[in-house]
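Structural overview
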4 protein chains.
Amino acid sequence: MSHENYQSAIKALHECMEACNHCYDACLQEDDIKMMAQCIRLDRECADICGYLEQALVRGTPFAAELANVCAKICEDCGNECKKHDHDHCQKCAEACFQCADACKSIA
Amino acid sequence: MSHENYQSAIKALHECMEACNHCYDACLQEDDIKMMAQCIRLDRECADICGYLEQALVRGTPFAAELANVCAKICEDCGNECKKHDHDHCQKCAEACFQCADACKSIA
Amino acid sequence: MSHENYQSAIKALHECMEACNHCYDACLQEDDIKMMAQCIRLDRECADICGYLEQALVRGTPFAAELANVCAKICEDCGNECKKHDHDHCQKCAEACFQCADACKSIA
Amino acid sequence: MSHENYQSAIKALHECMEACNHCYDACLQEDDIKMMAQCIRLDRECADICGYLEQALVRGTPFAAELANVCAKICEDCGNECKKHDHDHCQKCAEACFQCADACKSIA
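The shown structure was predicted, so the numbers you read here are calculated from the model rather than taken from an experiment. (Residues numbered from 1 in each chain as written. Chains lettered and ligands numbered in written order. Predicted model: local features only at pLDDT ≥ 70, side-chain atom pairs only at ≥ 80, totals over all residues. Heavy atoms only, no water.)

1. Overview of the overall build of chain A
The cut-off we apply is this: Segments assigned H or I by DSSP are reported as helices when at least four residues long, segments assigned E as strands when at least two residues long, and all are numbered from the N terminus. Each residue gets one of three labels from its accessible area relative to the maximum for its type: buried under 20%, exposed over 50%, partly exposed in between, using a 1.4 Å probe on protein chains only. Shrake-Rupley sampling with a 1.4 Å probe provides the accessible areas, and residues are treated as covered by the protein chains on show and by no other component.
The secondary structure content of chain A amounts to 4 helices and 0 strands. When the elements of chain A are put in sequence order from the N terminus, they spell out α-α-α-α. Projected onto its principal axes, the C-alpha coordinates of chain A cover approximately 45 × 20 × 20 Å. Scored against the burial criterion, the 108 residues of chain A give a buried share of 65%. Summing over all exposed atoms, chain A offers an accessible surface of approximately 4000 Å²; the carbon and sulfur share of this is 47%.

2. Considering the pattern of salt bridges
Side-chain pairs of opposite charge can arise where the charged atoms are in close proximity. To keep things clear, this is the line we draw: Here, a salt bridge means any Lys or Arg side-chain nitrogen found within 4 Å of an Asp or Glu carboxyl oxygen.
Under the definition given, this model contains 44 salt bridges over all chains. Put simply, K84 of chain B and E81 of chain B hold a salt bridge, and the shortest N to O gap is 3.1 Å. Here the residues in one salt-bridge network are R44, E45 and D48 of chain A, R59 of chain B, R44, E45 and D48 of chain C together with R59 of chain D, joined through shared partners.

3. Examining the relation of the copies chain B and chain D
This is how it is decided: For the least-squares superposition of copies, only C-alpha atoms count, and only for residues with pLDDT at least 70 in both. Contact criterion: two residues are considered in contact whenever any of their non-hydrogen atoms come within 4.5 Å of each other.
Mapping chain B onto chain D calls for a screw motion: a turn of 180 degrees about the axis and a shift of 0.0 Å along it, with 0.0 Å RMSD after fitting. The transformation just described matches what one would write down for a two-fold rotation axis. Residue by residue, 100% of the interface of chain B is reproduced at the interface of chain D, so both copies engage with the same surface.

4. A closer look at the relation of the copies chain A and chain D
Mapping chain A onto chain D calls for a screw motion: a turn of 180 degrees about the axis and a shift of 0.0 Å along it, with 0.0 Å RMSD after fitting. Counting the interface residues of chain A, we find that 100% of their copies in chain D are interface residues as well, pointing to one common contact surface.

5. With respect to the interface of chain A and chain D
The cut-off we apply is this: Throughout, the accessible surface (probe 1.4 Å) given up by two parts as they are put together, summed over both, is called the buried area.
Facing the 19 residues of chain A at the interface are 19 residues of chain D. Interface of chain A and chain D: buried area, both sides summed, is about 1900 Å²; carbon and sulfur atoms make up 61% of it. Counting the surface chain A buries against chain D, the share from its top three residues, E45, R59 and F63 of chain A, is 33%. At the boundary of chain A with chain D, the tally comes to 4 salt bridges.

6. Regarding the packing of helix α3 (residues 64–82) of chain D against helix α4 (residues 88–107) of chain D
Residue and element names in this part refer to chain D. Spelled out, the test is: Here an axis means a line fitted to C-alpha atoms, over the contact stretch when the element is a helix, while the angle between two N-to-C directions is reported on a 0 to 180 degree scale. For this classification, under 35 degrees means roughly parallel, over 145 means roughly antiparallel, 65 to 115 means roughly perpendicular, and everything else is oblique. Two helices that cross are described as forming a left-handed crossing if the nearer one is turned anticlockwise from the farther one by less than a right angle, and a right-handed crossing if clockwise. Polarity classes work like this: nonpolar for Ala, Val, Leu, Ile, Met, Phe, Trp, Tyr, Cys and Pro, charged for Asp, Glu, Lys and Arg, and polar for all others, with Gly in that last group.
Closest axis-to-axis distance for the α3/α4 pair is 8 Å, and the angle between their directions is 155 degrees. Taken together, the axis directions place α3 and α4 in an arrangement best described as roughly antiparallel. For the crossing formed where α3 meets α4, the hand is left-handed. Touching A64, A65, A68, C71, A72, C75, E76, C78, G79, N80 and C82 of α3 are C90, Q91, C93, A94, C97, F98, C100, A101, C104, K105 and I107, all from α4. Of the residues that constitute the contact of α3 with α4, the class distribution is 17 nonpolar, 3 polar and 2 charged.

7. Some thoughts on the state of the cysteines
In plain terms, the rule: Criterion for a disulfide: a pair of cysteine sulfur atoms within 2.5 Å.
Applying the stated criterion across every chain yields a total of 0 disulfides over all chains. With no disulfide of its own, C90 of chain A has C23 of chain A as its nearest cysteine by sulfur position, at a separation of 3.8 Å. Counting only cysteine sulfurs, C71 of chain C is the nearest neighbor of C104 of chain C, a cysteine outside any disulfide, at a range of 3.8 Å. C104 of chain C sits in the buried class, given a relative accessible area of 1%.

8. Notes on the packing of aromatic side chains
Heads up, the rule is: Any pair of Phe, Tyr and Trp rings, taking the six-membered ring for Trp, is counted once the centres come within 6.5 Å. Such a pair is stacked with planes under 30 degrees apart, edge-to-face with planes over 60 apart, and tilted for the rest. Either the NZ atom of lysine or the CZ atom of arginine qualifies as a charge over a ring when it sits within 6 Å of the ring centre and within 35 degrees of the ring normal.
A full pass over the atoms with the stated rule returns 2 aromatic pairs over all chains. The aromatic ring of Y24 of chain C is capped on one face by R44 of chain A, whose charged end is 4.4 Å from the ring centroid. Directly above the ring of Y52 of chain C sits R59 of chain C, whose terminal nitrogen or CZ lies 6.0 Å from the centroid.

9. A word on the side chain of R44 of chain A
Here is the rule we go by: Each polar contact in these results corresponds to two N or O atoms within 3.5 Å; when the atoms are within protein, one needs to be able to donate a hydrogen and the other to accept it, and residues that are neighboring in sequence are counted only if both atoms are side-chain atoms.
Relative to the elements of secondary structure, R44 of chain A occurs in helix α2 (residues 37–58). Polar side-chain contacts of R44 of chain A include one of 3.1 Å to the side chain of Q55 of chain D.

In structure tokens:
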């Protein structure tokens, strides 16, 4: 599968990276930050791996399947944490994470 | 300036990261790869800093101006190398680099 | 200056990346996390740029001076935030940040 | 396993990241660069994932095992490519890759 074929996955990864970083940024400004500690941590993990995989796909990495498999797991864990919280940024992030997990599974 | 205000820069950074990685991937498959060595090197440098800055802007980095200043310099050097080569991927990459350099200068 | 000449800077960058990530991890577990929000944010910024520059120096980046200049600024800001907090991980991080800032300035 | 327990893996990852980037840099300057194209590509893949995992371990990532599993695979493939080439930088890189693959397997 060439990078052209990965277009929808790249889009999902990019949107997830953005949603996770927005959620991270917003969580750090919340009054109930103590409750958001795990969300902050997973937002960073998820943003970093999505940004990494996005770039790896675009450069034609030979390890697309293996990396997408890990990324799907991280997206799911981040999505499950985010969906526990009522903040709008968390709910949006959960949605982006689950969509990205699905896109990753189609590559893995 | 919040991440909403950075939308056009983020788009330019993303397109430049993609163009540089495509050019890198294609250069590694060219018959005249010896002539492309500097292009391969600068494509990686430029893709990496664009991917970095894109993510930093989205997470609300306090160092947007300083990072954008470096990124503009790297984009320009990569664009100047790419435009020397007739390959379609090099010409497209040069264009993306110069557009991204402009976008970075508007932040820096 | 080749990567051999950068050995002491690479060591300082690596120790700063480690100290910032330890501090980030520890801050997320502190009871007074609300007071640590800016420290968490700057720890990530500083760890990311130190890891980036370390790798760039090792691969012989042509942009060592420009990147080191930005990194010095980020290390200083992170160190100044960390030194405000009494936690042992913050004090250690501040020290690593200031040493790394000095190492970066010697390249920039 | 805390980051203290990961010390030997972090050391192996760091040495592998350095060896891969040195090999990448040297390959781009070889006369027989055409034969080194796959080595250049895998050096970047391997350096990037080793740098990523090193930082993830230091920040206490909850995904150490999954990431180490992918990293071991990438290190092995890079090591197998490098060991085909007589250049000193390739032979040294192969050795670092195989040691790092072993360290990753002990985490995965």
